[in-house]
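Here are the chains, one letter per residue:
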Amino acid sequence: MSILKITEELQNLGNAGKDNRQRVANIVLENKELFEPLLQVTFQVDEPISVKAAWVLEWICTHHQLSWMIPHLTFFTENLKNLTFDSAIRPCAKICEHLANAYYSKRDNEFKSKLKNEHIQAIIETGFDWLITPQKIAVRAYTMNTLYLFGLENDWVHPELKHLIETKIIHESKGTKARGKHILNLIEKHQKSRL
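All of these numbers come straight from a predicted model, not from anything done at the bench.

Visitor: Please explain the packing of helix H9 (residues 137-150) against helix H10 (residues 157-167) as it appears in this structure.
Guide: Packed helix pairs are specified by the crossing angle of their axes together with the interaxial distance, meaning the distance between the axes. Axis separation between H9 and H10 bottoms out at 8 Å; the angle between their running directions is 150°. As the angle between them shows, H9 and H10 are arranged roughly antiparallel. For the pair H9 and H10, the crossing hand works out as left-handed. Counting all contacts with H9, which are made through Met144, Leu147 and Tyr148, the residues of H10 involved are Val157, His158, Leu161 and Ile165.

Shown next as structure tokens:
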């Protein structure tokens, strides 16, 4: 029943405007049991409605309840690689960045204990796939930041990320060039701090 309810709300969502995303997010926020069906629809990767589900999921995670992802981390991270629509990848890449930021936050939070190595490895793997395939600037920007953060504890990530930025990403658009240079500076600082 709840998957039908969320599907119906998503079909009536309209465009990706803030008001539309917030309206459907409010329905989920008022009825937490709709969160899991929203997540399931996000990963119905052959269905165009999955894009609208991803918009609302990202809106909830960005502005309201990132912690609601905790019971669903395995499902979310295992299915990232299956996303096909650009407009669904962008919001999910942003959620990955939020997860990395929460994991490395100076404040204590549940993500530090609940985001397991297998979740992180799945995000890293998919992130590299997103960087070597044609993606929008936002996906590249969120993903470079996510990989930088997870590379703080995964030694092989920074060299791979650095190579990709220097050989590919830095030659793309102004936006990716700027973010790429920023990430290269962070990697360099991190390497120096370890000497």
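Resuming the write-up.
Visitor: What am I meant to see in helix H6 (residues 86-103) here?
Guide: Because the α-helix completes a turn every 3.6 residues, residues three or four places apart line up on one side. If you check H6, its first and last C-alpha atoms are 26 Å apart, about what 18 residues at 1.5 Å a residue would give, namely 26 Å. Extensive coverage of H6 is indicated by the burial of 14 of its 18 residues.

Visitor: What should I look at first to understand the packing of aromatic side chains in this one?
Guide: Centre distance and the angle of the planes are the two values used to describe a pair of aromatic rings. For the structure on display, the rule yields seven aromatic pairs. With a centroid separation of 5.0 Å and 80° between ring planes, the pair formed by Tyr103 and Tyr104 is classed as edge-to-face. Among the residues examined, Tyr104 registers a relative accessible area of 22% and is labelled partly exposed. Members of the aromatic cluster, joined through ring pairs, are Phe43, Phe75 and Phe76.

Visitor: Hey, could you run me through the environment of Leu4 in this one?
Guide: For Leu4, the location among the structural elements is in helix H1 (residues 2-11). Considered as a pair, Leu4 and Leu34 are 30 residues apart in the sequence and their alpha carbons are 9.9 Å apart.

Visitor: Help me out: how do you make sense of empty space enclosed by the protein in this one?
Guide: The gaps left among the atoms become clear once a water-sized probe is rolled over them. The final tally for this structure, using the stated rule, is one cavity of 30 Å³ or more. Quantified by volume, the largest cavity comes out at close to 40 Å³. What lines the largest cavity is simply Ala93, Cys96, Ile123, Gly127, Trp130, Thr143, Thr146 and Leu147. Within the residue set of the lining of the largest cavity, elements represented by two or more residues are H6, helix H8 (117-132) and H9. Among the residues making up the lining of the largest cavity, the classes are represented as five nonpolar, three polar and no charged.

Visitor: Can you walk me through H9 in this structure?
Guide: The terminal C-alpha atoms of H9, which comprises 14 residues, lie 20 Å apart, in line with the 20 Å expected from a rise of 1.5 Å per residue. In terms of burial, H9 is largely enclosed, as 12 of its 14 residues are buried. What H9 keeps buried is the set Val139, Arg140, Ala141, Tyr142, Thr143, Met144, Asn145, Thr146, Leu147, Tyr148, Leu149 and Phe150. Contacts made by the buried residues of H9 are with H6, H8, H10 and helix H11 (174-193).

Visitor: Can you walk me through the packing of H10 against H11 in this structure?
Guide: Between H10 and H11, whose axes approach to 10 Å, the crossing angle comes to 150°. When the axes of H10 and H11 are compared, the crossing they make is left-handed. Contact residues: H10 offers His158, Leu161, Lys162, Ile165 and Glu166, while H11 offers Gly180, Ile183, Leu184, Ile187 and His190. When grouped by side-chain class, the residues that make up the contact of H10 with H11 number five nonpolar, three polar and two charged.

Reading guide: rules and limits
- Residues numbered from 1 in each chain as written.
- Predicted model: local features only at pLDDT ≥ 70, side-chain atom pairs only at ≥ 80, totals over all residues.
- Heavy atoms only, no water.
- Axes fitted to C-alpha atoms, helices over the stretch in contact; angles between N-to-C directions.
- Helix = DSSP H or I, 4+ residues; strand = E, 2+ residues; numbered from the N terminus.
- Parallel < 35°, antiparallel > 145°, perpendicular 65-115°, else oblique.
- Left-handed = near helix turned anticlockwise from the far one by under 90°.
- Contact = heavy atoms within 4.5 Å.
- Expected span 1.5 Å × (residues − 1).
- Buried < 20%, exposed > 50% of the residue type's maximum accessible area, 1.4 Å probe, protein only.
- Phe/Tyr/Trp six-rings, centres within 6.5 Å; stacked < 30°, edge-to-face > 60°.
- 1 Å grid on protein atoms, 1.4 Å probe; cavity = no way out; pocket = protein on both sides within 12 Å on 5 of 7 lines; lining within 4 Å.
- Points joined across faces, edges and corners; volume = space filled by probe spheres on them.
- Nonpolar A, V, L, I, M, F, W, Y, C, P; charged D, E, K, R; others polar.

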